[in-house]
Amino acid sequence: MDPYEIEFIGENRLVSVIPNFTYDKIYLICGEFGPFRAGLPMNVPLWLAVMLKQKQKCRIVPPDWMDIDALETIKEAEKTSRFFTKMPNEHYMVEAKLILGAAAEDIPRAGEIKTIIKDIWDIRMSKLRTSMDTLMKSGGSYGRLDHLTMMEINSVKPLLPSAMDDLLRIQSMAKKTIQPSLNTSSFSQSGSSQNI
Amino acid sequence: MDFNDQIESSGDEEEITAEAVLKTLYNAWQNERLSPEILPHCNEMVECMLGQIQHMERNINKLPKTDLRASIHKMELSRIKYIICNYLRARLCKIEKHCIPIINEERQRIESGTNYLTPSEYKYAQEYLLNMEGHFKSVVLDKVPGNMQTFEMNKMAIYPNLQSHVFLKANETVNGVVLDLPGEQDEEIDLEEGSQHILLYKPVADLVKSGKVQLI
């Protein structure tokens, strides 16, 4: 799938906004939101938050995890752990990109946050590449990927599954070529014994 | 107010909420995009959502153009339409690619009443095959010596590769999924609820169809 499609899925997550207008409840197909009260925080899907922000009708409240200290802790945990740690948010990269892109002025220390999130992403991606390498070298055709987010999984999709497909094909070809040679030898033996 | 009331009442008529239908469509779209073979259709959901969209569009037209609600609703509808179009297109793509095996398998499934294609998709598949055959005949086969003129359906068939690897997340715990690997003894694994894996599509194909796992 395209990274934009993952972003599209991530846009359905709820974020908190503070609208600067007052309006009744709105009944969308994906649920009802509101009532909008100027100055009071409320939850809306991310796509709606970005849209309202672009129309300058709200401020986006930074999600709890989008905080320097919290992110530093995650970064340290990610560095020390051999495995992937659980991210505070299944679509952290999408949320960070969209919120920091559309509403950087609503987030305190947006620049630093961007850098830390990028660091976390880089650590996780290099870990992912190492584990892919190990998986391929061990000739495995099964792997467990807990705590990886959709965007991270998607980034290895052009490579990992097809490499594993090819490996499997080679393994089954190897098996097939060994077996017939055994068969033919047993055939010729039985054939010759019949002739005699 | 009138606008909101109408939408609410239309939601009440359905046994499941529009929200739940949308969720199902999202999952079906994701599965369809990521699985190597065609999956059972969810036409009822698509039809239901299209009905909702039409209803919503009629109501939006009653609102003044500059109304904020109108633009929010329009945005949501565009998003849903995108999902539906993309879902149906992904299915048509597979139907065109694996046309011959799909028609053959579908014939048996129709007899047992477990069809994967909607009637119109089935018709599309059959017409596509006929057109393809006609095209090959008029372009090549009619012009070659008589003993080579037969259209060999089986040699033309492209089968979906069920031995490909997919990523999945377990919606519920499934124990004892058997991975039949070549050259090794069968390995059994357990999929715990919420866990994520990469493995062969074939052993989990039924779990995808029954919704016990979600492709990611």
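Residues numbered from 1 in each chain as written. Chains lettered and ligands numbered in written order. Predicted model: local features only at pLDDT ≥ 70, side-chain atom pairs only at ≥ 80, totals over all residues. Heavy atoms only, no water.

**Quick look at the overall build of chain A**
At step 1: The secondary structure content of chain A amounts to seven helices and six strands.
At step 2: The helix and strand sequence of chain A, counted from the amino end, reads α-β-β-β-β-α-β-α-α-α-β-α-α.
At step 3: Here the C-alpha radius of gyration of chain A, 26 Å, is well above what a compact globule of 196 residues would show, namely 16 Å.
At step 4: Taken over 196 residues, chain A has a buried fraction of 45%.
At step 5: Total accessible area on chain A is roughly 10500 Å²; 56% of this is exposed by carbon and sulfur atoms.
At step 6: In chain A, the 24 positive side-chain charges and the 24 negative ones have mean positions that sit 3 Å from each other. (Helix = DSSP H or I, 4+ residues; strand = E, 2+ residues; numbered from the N terminus. Rg over C-alpha atoms; globule rule 2.2 N^0.38 Å. Buried < 20%, exposed > 50% of the residue type's maximum accessible area, 1.4 Å probe, protein only. Areas by Shrake-Rupley, 256 points an atom, 1.4 Å probe, with all protein chains shown as cover. Lys, Arg positive; Asp, Glu negative; His and termini not counted. Charge placed at Lys NZ, Arg CZ, Asp CG, Glu CD.)

**Brief notes about the UniProt feature "domain: GINS subunit" (unreviewed entry) in chain B**
At step 1: With numbering aligned to this structure, UniProt lists the feature "domain: GINS subunit" (unreviewed entry) at residues 52-139 of chain B.
At step 2: The span residues 52-139 of chain B is 86% helix and 0% strand, and its two end C-alpha atoms sit 46 Å from each other. (UniProt positions renumbered as here; feature names shortened; annotations may be inferred.)

**Observations regarding the nonpolar core**
At step 1: Within the largest apolar cluster, 101 residues are counted, with the highest numbers of intra-cluster contacts made by Ile72 and Leu191 of chain B.
At step 2: Sort the elements by how many residues they give to this core and helix 5 (residues 110-137) of chain A lands first, with ten residues.
At step 3: Core analysis: the next-biggest nonpolar cluster, separate from the first, contains twelve residues, Ile100, Ile103, Tyr122 and Ala157 of chain B among them. (Core = buried A, V, L, I, M, F, W, Y, C linked by side-chain atoms within 4.5 Å.)

**Here's the deal with the interface of chain B and chain A**
At step 1: Contacts between the two partners involve 47 residues from chain B and, on the opposite side, 43 residues from chain A.
At step 2: Summed over both partners, the interface of chain B with chain A comes to about 4200 Å²; 67% of that surface belongs to carbon and sulfur atoms.
At step 3: Contact with chain A buries surface across chain B, with Arg79, His165 and Phe167 of chain B losing the most and accounting together for 17% of the total.
At step 4: The closest approach of N and O atoms between Glu5 of chain A and Arg33 of chain B, which form a salt bridge, is 2.3 Å.
At step 5: Counting across the interface, chain B meets chain A through 18 residue pairs in polar contact (both at pLDDT 80 or more).
At step 6: Every element with two or more residues in the side of chain B that touches chain A is listed here: helix 1 (2-13), helix 2 (18-34), helix 3 (43-62), helix 4 (68-97), strand 1 (165-170) and strand 4 (196-200) of chain B.
At step 7: In terms of residue count, the dominant contributor to the side of chain B that touches chain A is helix 4 of chain B (13 residues).
At step 8: Class assignment for the residues of the side of chain B that touches chain A results in 24 nonpolar, 14 polar and nine charged. (Contact = heavy atoms within 4.5 Å. Buried area = accessible area lost by both parts, 1.4 Å probe. Salt bridge = Lys/Arg side-chain N within 4 Å of Asp/Glu carboxyl O. Polar contact = N/O pair within 3.5 Å; in protein donor to acceptor, adjacent residues only side chain to side chain. Nonpolar A, V, L, I, M, F, W, Y, C, P; charged D, E, K, R; others polar.)

**Concerning the pattern of salt bridges**
At step 1: Considering all chains together, one arrives at 30 salt bridges over all chains under this definition.
At step 2: When the shortest N-O distance is used, the salt bridge between Glu7 of chain A and Lys97 of chain A registers 2.9 Å. Taken together, the residues span a long stretch of sequence, with Glu7 of chain A in helix 1 (residues 3-10) and Lys97 of chain A in helix 4 (residues 92-102) at a distance of 90 residues.
At step 3: Looking at Glu7 of chain A, the relative accessible area reads 11%, which means it is buried.
At step 4: Across the salt bridge formed by Glu37 of chain B and Lys209 of chain B, the nearest N and O atoms sit 2.8 Å from each other. In this pair, Glu37 of chain B sits in the loop between helix 2 and helix 3 while Lys209 of chain B sits in helix 8 (residues 201-210), placing the two residues 172 residues apart along the sequence.
At step 5: A relative accessible area of 26% means that Lys209 of chain B is categorised as partly exposed.

**Some words on the sheet that holds strand 6 (residues 143-144) of chain A**
At step 1: Read across the sheet, four strands follow the order 6(A)-4(B)-1(B)-5(B) without closing on themselves; strand pairing throughout is antiparallel. Where the open sheet ends on each side, the last strands, each with one partner, are strand 6 of chain A together with strand 5 (213-215) of chain B.
At step 2: Packed onto the sheet, helix 2 of chain B meets strand 1 and strand 5 of chain B and runs at close to 65° relative to strand 5 of chain B.
At step 3: Most of the contacts of helix 8 of chain B go to strand 4 of chain B, to which it runs at about 120°, and overall it touches strand 1, strand 4 and strand 5 of chain B. (Pairing = 2+ DSSP bridges. Axes fitted to C-alpha atoms, helices over the stretch in contact; angles between N-to-C directions.)

**Focus on the domain arrangement of chain B**
Often, the extent of an interface is quoted as the loss of accessible area on bringing the components together.
Residues and elements named next belong to chain B.
At step 1: Domain assignment breaks chain B into domain 1 (2-97), domain 2 (100-156) and domain 3 (165-215).
At step 2: Between the C-alpha centres of domain 1 and domain 2 the distance comes to 32 Å.
At step 3: Opposite the ten residues of domain 1 that make contact, domain 2 presents nine residues.
At step 4: Summing both sides of the interface, domain 1 and domain 2 together bury roughly 1000 Å²; the carbon and sulfur share of this comes to 66%.
At step 5: Considering only the surface of domain 1 that becomes buried against domain 2, His41, Ile95 and Glu96 emerge as the three largest contributors, covering 49% of it.
At step 6: If you look at where domain 1 meets domain 2, you find one salt bridge.
At step 7: Along the contact surface separating domain 1 from domain 2 lie four residue pairs in polar contact (both at pLDDT 80 or more).
At step 8: Across the side of domain 1 that touches domain 2, the residue classes break down as five nonpolar, two polar and three charged. (Domains from an automatic or database assignment.)

**Overview of helix 3 of chain B**
Three or four residues apart is the spacing at which side chains of an α-helix point the same way, because the helix has 3.6 residues per turn.
Residues and elements named next belong to chain B.
At step 1: Look at helix 3: 29 Å from first C-alpha to last across 20 residues, which is about the 28 Å you get at 1.5 Å a residue.
At step 2: Taken residue by residue, helix 3 has Val46, Met49, Gln52, Ile53, Met56, Asn59 and Ile60 as its buried positions. Relative to the axis of helix 3, the buried residues are bounded by an arc of 150° and lie together on one face. In helix 3, the exposed positions that point more than 90 degrees away from the buried face belong to Glu44, Gln54, Arg58, Asn61 and Lys62. (Expected span 1.5 Å × (residues − 1). Arc of directions from axis to C-beta.)

**Topic: the sheet that holds strand 1 (residues 14-19) of chain A**
All names here are of chain A.
At step 1: The strand order 4-1-5 describes an open sheet built from three strands, whose pairing is antiparallel. Looking at the sheet topology across the chains shown, the edges are occupied by strand 4 (42-45) and strand 5 (58-60). Ignoring which end each strand starts from, the neighbouring axes of this sheet average 50° apart.
At step 2: Bridge count between strand 1 and strand 5: three bridges; the pairing is antiparallel. Looking at the pairing, Pro19 lines up with Cys58 of strand 5.
At step 3: Sitting on the sheet, helix 2 (residues 46-54) touches strand 1, strand 4 and strand 5, and the angle it makes with strand 4 is about 100°.

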